[in-house]
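# Residue-level structure breakdown
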Amino acid sequence: MNKAKTILIISIVIILMIILVSSRKNYFQKMPATTEDNSTTTITKNKLSPKQIFISPINNALSRITKKPFGIYISPTNSPITPEKITGYHTGVDFETFPIEQNEDISIVAICDGKLLEKKQARGYGGMIIQSCSLEDSPITIIYGHVRLSSVKNSIGEILKTGNFLGFLGTGYSTETDGERKHLHLGIHRGEKIDTRGYVQMESELENWIDIEEYLK
């Protein structure tokens, strides 16, 4: 065999090897993923629901959480508020007012999109607004407590948009706050069921509520 034929045969062998390697590579790339027991699995991309981020219900919100944050255990002997009549775990977040604001109208706004379910006078809150919203496609209810009901212009059943004005905080130590100091109690309860409790007796029950402070940081 002369030199030219040898080179031709070698070239053909190299080309065939390249084709074979390329074909095997494409084959394995197209194969479905397998588990350790070689069973075929289907790979899908999980669609995550957009996580709704609440907005602050009041200006300078984080700087106002100074006395009763979410989950704190309160009793007449350890409460930052005196006198204290309540014992239990706090289901909401209290946004305090500053001394200079005691005679001012302090606005609160809707923290999310949702229907206005109730606006009424309630024991422990004075004026109270209840709104339905959703978080990660799950229903929640929002409690806005210690509100001046006469300042709430929206009607029950009306859809509130995020940032819509709800009303003003009630005057401290009046019927508008049920005798409490001037502040906003905001509670977020999981599910469609309305639960207006500001405190629960068992710490495990806090799982039914959401801490809005975690969404404002």
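As a reminder, the structure under discussion sits directly above these lines.
All figures in this text were calculated on a predicted structure; none of them were measured in a lab. (Residues numbered from 1 in each chain as written. Predicted model: local features only at pLDDT ≥ 70, side-chain atom pairs only at ≥ 80, totals over all residues. Heavy atoms only, no water.)

### Focus on the overall build of the protein
Note the threshold: To qualify as a helix, a DSSP run of H or I must reach at least 4 residues; to qualify as a strand, a run of E must reach at least 2; elements of each kind are numbered from the N terminus. Exposure categories follow from relative accessible area, calculated using a 1.4 Å probe and restricted to protein chains: below 20% of the type maximum is buried, above 50% is exposed, and the middle band is partly exposed. Two residues form a contact once any of their heavy atoms are found within 4.5 Å. Exposure was quantified through the Shrake-Rupley algorithm and a 1.4 Å probe, taking into account, for residues, occlusion by the shown protein chains and nothing else.
In terms of regular secondary structure, the protein is built from two helices and 12 strands. Written out in order from the N terminus, the α and β elements of the protein read α-β-β-β-β-β-β-β-β-β-β-β-β-α. Taking all 217 residues of the protein together, the buried fraction comes to 37%. The long-range share in the protein, meaning contacts at least 24 apart out of those at least 6 apart in sequence, stands at 63%. Of the accessible surface of the protein, which amounts to about 13,300 Å², a share of 55% is contributed by carbon and sulfur atoms.

### So, the sheet that holds strand E11 (residues 199-200)
The condition is simple: Two strands are said to pair when DSSP picks up at least two bridges between them.
With respect to topology, three strands assemble into an open sheet ordered E1-E2-E11, the strand pairing being antiparallel. Of all strands in the sheet, those bounded by a partner on one side alone are strand E1 (73-74) and E11. Sheet topology note: the E1/strand E2 (residues 88-90) ladder contains two bridges and is antiparallel. When the sheet's bridge partners are listed, Ile 74 is paired in E2 with Gly 88.

### A closer look at the pattern of salt bridges
As a reminder, the rule being used: What counts as a salt bridge is simple: a side-chain nitrogen of Lys or Arg found within 4 Å of a carboxyl oxygen of Asp or Glu.
Under the definition given, this model contains 11 salt bridges. Its salt-bridge partner being Arg 148, residue Glu 176 comes within 3.4 Å of it at the nearest N-O pair. Residue Glu 176 is located in the loop between strand E9 (165-168) and strand E10 (183-190), and its partner Arg 148 is located in the loop between strand E7 (138-145) and strand E8 (159-160); the two are separated by 28 residues in the primary sequence. Classification of Glu 176 by relative accessible area gives partly exposed; the value is 23%. According to the relative accessible area criterion, Arg 148 is buried, its value standing at 16%. Note that Arg 197 and Glu 205 form a salt bridge whose closest N and O atoms lie 3.3 Å from each other. Owing to a relative accessible area of 37%, Arg 197 belongs among the partly exposed residues under this scheme. Accessibility expressed as a relative area gives 21% for Glu 205, which makes it partly exposed. One salt-bridge network, held together by shared partners, links Asp 94, Glu 96, Glu 180 and Arg 181.

### Regarding the pairing of strand E6 (residues 126-135)
Counting buried positions along E6 yields eight of 10 residues, so the element is predominantly enclosed. In this structure, strand E5 (residues 114-122) lies alongside E6, joined through six bridges in antiparallel fashion. Note that in E6 the partner of Ala 122 across the bridge is Gly 126. Between E5 and E6, which pair antiparallel in sequence order, lie three residues; one of them, Gly 124, sits at a positive phi of approximately 90°. In the sheet, E6 pairs with E7 via eight bridges, with the strands oriented antiparallel.

### Structural notes on the environment of Ser 155
Looking at where Ser 155 falls in the secondary structure, it is placed in the loop between E7 and E8. Judged by its relative accessible area of 43%, Ser 155 falls in the partly exposed class. Ser 155 sits 36 residues away from Lys 119 along the chain, and the two C-alpha atoms are 8.5 Å apart. Once residues within four sequence positions are removed from consideration, Ser 155 is found in contact with Leu 116 and Lys 119.

### A short note on the state of the cysteines
Rules: Disulfides are defined as cysteine sulfur pairs within 2.5 Å.
Applying the stated rule across the entire model yields one disulfide. Residue Cys 112 pairs covalently with Cys 133 via a disulfide, S to S 2.1 Å. An S-S torsion of about 85° defines the bridge between Cys 112 and Cys 133 as right-handed. In this pair, Cys 112 is assigned in the loop between strand E4 (107-109) and E5 and Cys 133 in strand E6, connecting sequence segments 21 residues apart. The exposure classification of Cys 112 matches that of Cys 133, with both residues buried.

### A word on unusual backbone geometry
Cis geometry is adopted by the peptide bond preceding Pro 83, which originates at Thr 82 and carries an omega value of -5°. Even without a glycine there, the phi angle at Asn 60 is positive, about 55°. Take Asn 60: it is sitting in the loop between helix H1 (3-30) and E1. Unusually for a residue other than glycine, Glu 136 sits at a positive phi of about 55°. Inspection of the secondary structure assignment puts Glu 136 in the loop between E6 and E7.

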